[in-house]
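Here are the chains, one letter per residue:
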Amino acid sequence: MPDSPLNNPAFSAALRAVQTRIAAACAAAGRDPASVQLLAVSKTFGPEAVRVAYQAGLLAFGENYIQEAVAKMVALADLPLQWHCIGPIQSNKTRLVAEHFAWAQTVDRLKIAQRLAEQRPAHLPPLQVCLQVNVDGGPTKAGVAPEDLPALARAVRALPRLRLRGLMCIPDPQPDAAAMQAVFARALVLFDALRADWEGPDPEPDTLSMGMSADLEAAIAAGSTLVRIGSALFGARPVKPAAAAPLAGAQDG
Ligand SMILES: *Cc1c(COP(=O)(O)O)cnc(C)c1O
């Protein structure tokens, strides 16, 4: 493992600690731990860190910065990894997302979904999509407004080459766990409504992506099926220039 910032025993210990937190949160909520998937968020860490995580048993990785992610995928092409785009998707980046990722979790408007559908190569499986919902913020925050979600979901579902898997949210930190859980619970209401309204042959959405290192317990209590964990696994992220880190914020360890 040349020049790795991580080593296998240290990463494995961090992974066990995260798995223990997930299991405890599931036990407290009366949920099966197998109902919560762990997505390792490897943004800002190099391919060698992802390789260590893979050796510890992880296969699914989340990335925010699309060019950085594609460089990592090329360096790790020998491994059977599943890549999730969890950063903002601008129009000029949809082709890279469509061609390289298995999942796009941050789709929040139809124009982006249409471009992803057009650009998804025919030889790849459908791009797995979550709609990012703005459950707590004002009009400037990323994510579709809850009142606009049903129409967006219908339109995205009708597009070829995409499969709508569920919802994702990134609420701001709240003063305590109860307040955090209350915000996450709004996403669960929207997710349940999406599933209740679902008709037709394609499988119902099954993914509610919410919870990060600082708030995974509240997210699991509120029904999360996928937690996105960065710093609790890889350690504190190197500081990036503000302009290059649109989503790096209060959660950074
Ligand atoms: C960085 C990031 C994460 C991981 O955050 P941690 O607090 O390091 O666990 C999860 N989701 C998104 C969208 C992120 O940008």
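Coordinates for the structure precede this section.
This text gives an overview of the structure that appears in the document. (Residues numbered from 1 in each chain as written. Predicted model: local features only at pLDDT ≥ 70, side-chain atom pairs only at ≥ 80, totals over all residues. Heavy atoms only, no water.)

## Describing helix α7 (residues 177–196)
Here's step 1: An ideal rise of 1.5 Å per residue puts 28 Å on 20 residues; α7 measures up with 28 Å between its terminal C-alpha atoms.
Here's step 2: Taken together, the buried positions of α7 are occupied by M180, V183, F184, A187, L190, F191 and L194. The arc enclosing the buried residues of α7, seen along the axis, measures out at 100 degrees, which places them on a common side. Along α7, exposed side chains directed more than 90 degrees from the buried face belong to A178, V189 and A196.
Here's step 3: Of the surrounding secondary structure, the elements contacted by the buried residues of α7 are α6 (149–157), β6 (162–168), β7 (207–209) and α8 (216–221).
Here's step 4: Where α7 begins, the capping side chain belongs to D176, and its oxygen is found 3.0 Å from the backbone nitrogen of A178. (Helix = DSSP H or I, 4+ residues; strand = E, 2+ residues; numbered from the N terminus. Expected span 1.5 Å × (residues − 1). Buried < 20%, exposed > 50% of the residue type's maximum accessible area, 1.4 Å probe, protein only. Arc of directions from axis to C-beta. Contact = heavy atoms within 4.5 Å. Polar contact = N/O pair within 3.5 Å; in protein donor to acceptor, adjacent residues only side chain to side chain.)

## A closer look at the pairing of strand β8 (residues 226–229)
Here's step 1: Burial along β8 is two-sided: L226 and R228 facing one way and V227 and I229 facing the other are all buried.
Here's step 2: In terms of strand pairing, strand β1 (residues 37–41) meets β8 through four bridges, oriented parallel. Looking at the pairing, Q37 lines up with L226 of β8. (Pairing = 2+ DSSP bridges.)

## Section: the side chain of Q128
Here's step 1: Mapped onto the fold, Q128 is located in strand β5 (residues 127–132).
Here's step 2: Reaching out from Q128, the side chain makes a polar contact with the side chain of R165 at a distance of 2.8 Å.
Here's step 3: In this view, Q128 contacts A102, W103, A104, R163 and R165; residues no more than four positions away in its chain are not counted.

## Side note on the site of the ligand
Here's step 1: Close to the ligand lie 15 residues; K43, N64, S213, S231 and R237 are nearest.
Here's step 2: Within the backbone of S231, a nitrogen or oxygen atom sits 2.7 Å from an oxygen atom of the ligand.
Here's step 3: Interatomic distance of 2.8 Å between a side-chain N/O atom of R237 and an oxygen atom of the ligand.
Here's step 4: The fraction of the free accessible surface of the ligand (390 Å²) that becomes covered by protein chains is 98%.
Here's step 5: Of the residues that constitute the shell around the ligand, the class distribution is seven nonpolar, five polar and three charged. (Near = heavy atom within 4 Å. Areas by Shrake-Rupley, 256 points an atom, 1.4 Å probe, with all protein chains shown as cover. Nonpolar A, V, L, I, M, F, W, Y, C, P; charged D, E, K, R; others polar.)

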